[in-house]
Amino acid sequence: MSGFFFMPRKRTIKSAKKGAWDAFSKYIRLRDSIATTGTMDTCICITCKDIVPTKFHAGFNTLQAGHAIAGRSKNILFDEDLVYGQCQACNCIHGGRLSEYAIIMIDKFGKEWFEDKCFISRKPADTKWTIDDLDEIKKTYKQKYKELADEFTANR
């Protein structure tokens, strides 16, 4: 009997990056939900201060992990100091509200720090990501999420 067999698809950087981003974003949203509302269910948006659901609910404004600096370059994509819980309206509809976000970051970390981060974000990356790099980022943030969720649950 003649049959077809399929070779497994080779993983791509794009799919590995998506997996890493999903784990990182989930961690950021949990971190900021706990920090701003003391719950795992809602978060205060970093820029507009609205309270939004942490998890996706169809038809509702939900929480995303928004960057303080536009571009999502390799140098800042997974920078915990530059990514905070931000509502979908601020992050998508209003382009990240980058002016308001910059003021918040400068108040929190200082002008020089923020200028350094802006400079770093625009520099070409020294290297390109590998699938292994991105898998390690995914593993790290899945673990950080689990530890934070476990700690929060244990302390309730």
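In case you missed it, the structure is sitting above this.
Thresholds, definitions, all that
- Each chain carries its own residue numbering, running from 1 in the direction its sequence is written.
- The model is predicted, so local features are restricted to residues of pLDDT at least 70 and side-chain atom pairs to those at 80 or more, both for listing and for counting; the totals for chains, interfaces and linings are taken over all residues.
- Note: side-chain values were computed over all heavy atoms of the structure, leaving out hydrogens and water.
- Secondary structure elements are taken from DSSP: a helix is a run of H or I of four residues or more, a strand is a run of E of two residues or more, and numbering for both begins at the N terminus.
- In what follows, a disulfide is any cysteine sulfur pair within 2.5 Å.
- Partly exposed describes any residue whose relative accessible area lies between the buried limit of under 20% and the exposed limit of over 50%, with all areas from a 1.4 Å probe on protein chains only and scaled to the type maximum.
- Pairing between strands is defined by DSSP: at least two bridges between the two strands are required.
- In the analysis that follows, any N or O atom pair within 3.5 Å is treated as a polar contact, provided that within protein one partner can donate a hydrogen and the other can accept it, and provided that, for residues neighboring in sequence, both atoms belong to side chains.
- Note on contacts: a residue pair is in contact if any heavy atoms of the two residues lie within 4.5 Å.
- Stacked, tilted and edge-to-face pairs are distinguished by plane angle, under 30 degrees for stacked and over 60 for edge-to-face with tilted covering the rest, among Phe, Tyr and Trp rings (Trp via its six-membered ring) whose centres lie within 6.5 Å.
- Each ring is checked for a lysine NZ or an arginine CZ that lies within 6 Å of its centre and within 35 degrees of its normal; such an atom marks a charge sitting over the ring.
- One side-chain nitrogen of Lys or Arg within 4 Å of one carboxyl oxygen of Asp or Glu is enough to make a salt bridge.

Visitor: Would you mind showing me how to read unusual backbone geometry here?
Guide: With the exception of glycine, most residues fall at negative phi, and the peptide bonds are largely trans. Here the phi dihedral of Lys49 falls at roughly 70°; this positive angle occurs in a residue that is not glycine. Within the secondary structure, Lys49 is located in the loop between β1 (42-44) and β2 (51-53). Backbone geometry at Arg97 places phi at a positive 45°, although glycine is not the residue there.

Visitor: Sorry, what's going on with the state of the cysteines here?
Guide: Working definition: the covalent bond between the sulfur atoms of two cysteines is a disulfide. Per the stated rule, a full pass over the model turns up 0 disulfides. The thiol of Cys48 is unpaired, and the distance to the nearest cysteine sulfur, on Cys45, comes to 3.7 Å. Accessibility expressed as a relative area gives 27% for Cys48, which makes it partly exposed. You can see Cys118 has no disulfide; the closest cysteine sulfur is in Cys90, sitting 19 Å from it.

Visitor: How should I be thinking about the pairing of strand β4 (residues 83-87) in this particular structure?
Guide: Regular strands place their side chains on alternate faces of the sheet. Across the 5 residues that make up β4, a large majority, 5, are buried. Where strand β3 (residues 63-67) and β4 come together, 5 bridges link them in antiparallel fashion. Opposite Gly66, over in β4, you have Tyr84 as the bridge partner.

Visitor: Can you help me understand the side chain of Gln86 in this one?
Guide: Along the chain, Gln86 turns up in strand β4. The exposure class of Gln86 is buried, given its relative accessible area of 0%. Side chain to side chain, Gln86 and Thr47 meet in a polar contact 3.1 Å long. Ignoring sequence-local partners within four residues, the contact set of Gln86 consists of Cys45, Ile46, Thr47, Thr62, Leu63, Gln64, Gly66, Asn91, Gly96 and Tyr101.

Visitor: Could you clarify how one ought to interpret the environment of Lys144 in this entry?
Guide: Examined against the element boundaries, Lys144 turns out to sit in helix α5 (residues 131-154). As a C-alpha pair, Lys144 and Lys26 span 118 residues in sequence and 10.0 Å in three-dimensional space. Once residues within four sequence positions are removed from consideration, Lys144 is found in contact with Tyr27 and Glu80.

Visitor: Which parts of the structure should I look at to understand the packing of aromatic side chains?
Guide: How two aromatic rings sit relative to each other is set out by the distance from centre to centre and by the angle between their planes. On inspection of all chains with the given rule, the structure shows 7 aromatic pairs. Each ring, one from Phe24 and one from Tyr141, has its centre 4.9 Å from the other, and the planes form 90°; the classification is edge-to-face. In this pair, Phe24 sits in helix α1 (residues 13-37) while Tyr141 sits in helix α5, placing the two residues 117 residues apart along the sequence. The exposure classification of Phe24 matches that of Tyr141, with both residues buried. In this arrangement the basic side chain of Lys26 is found over the ring face of Tyr145, its NZ or CZ atom lying 4.6 Å from the centre.

Visitor: What's the story with the pattern of salt bridges in this structure? I'm lost.
Guide: As enumerated under the stated definition, the model contains 8 salt bridges in all. Among the ionic pairs, Arg11 bridges to Asp135, the shortest N-O distance being 2.8 Å. Placement of the pair is Arg11 in the segment before α1 and Asp135 in helix α5, with a sequence separation of 124 residues. When the shortest N-O distance is used, the salt bridge between Glu100 and Arg97 registers 3.7 Å.

Visitor: Is there a simple way to explain the environment of Ile13 in this structure?
Guide: Summarising the element assignment, Ile13 is placed in helix α1. Between the C-alpha atom of Ile13 and that of Asp133, which follows or precedes it by 120 residues, the distance is 9.7 Å. Apart from residues lying up to four places away in sequence, Ile13 is in contact with Trp129, Thr130, Ile131 and Leu134.

Any functional reading would require information that these geometric values do not contain.
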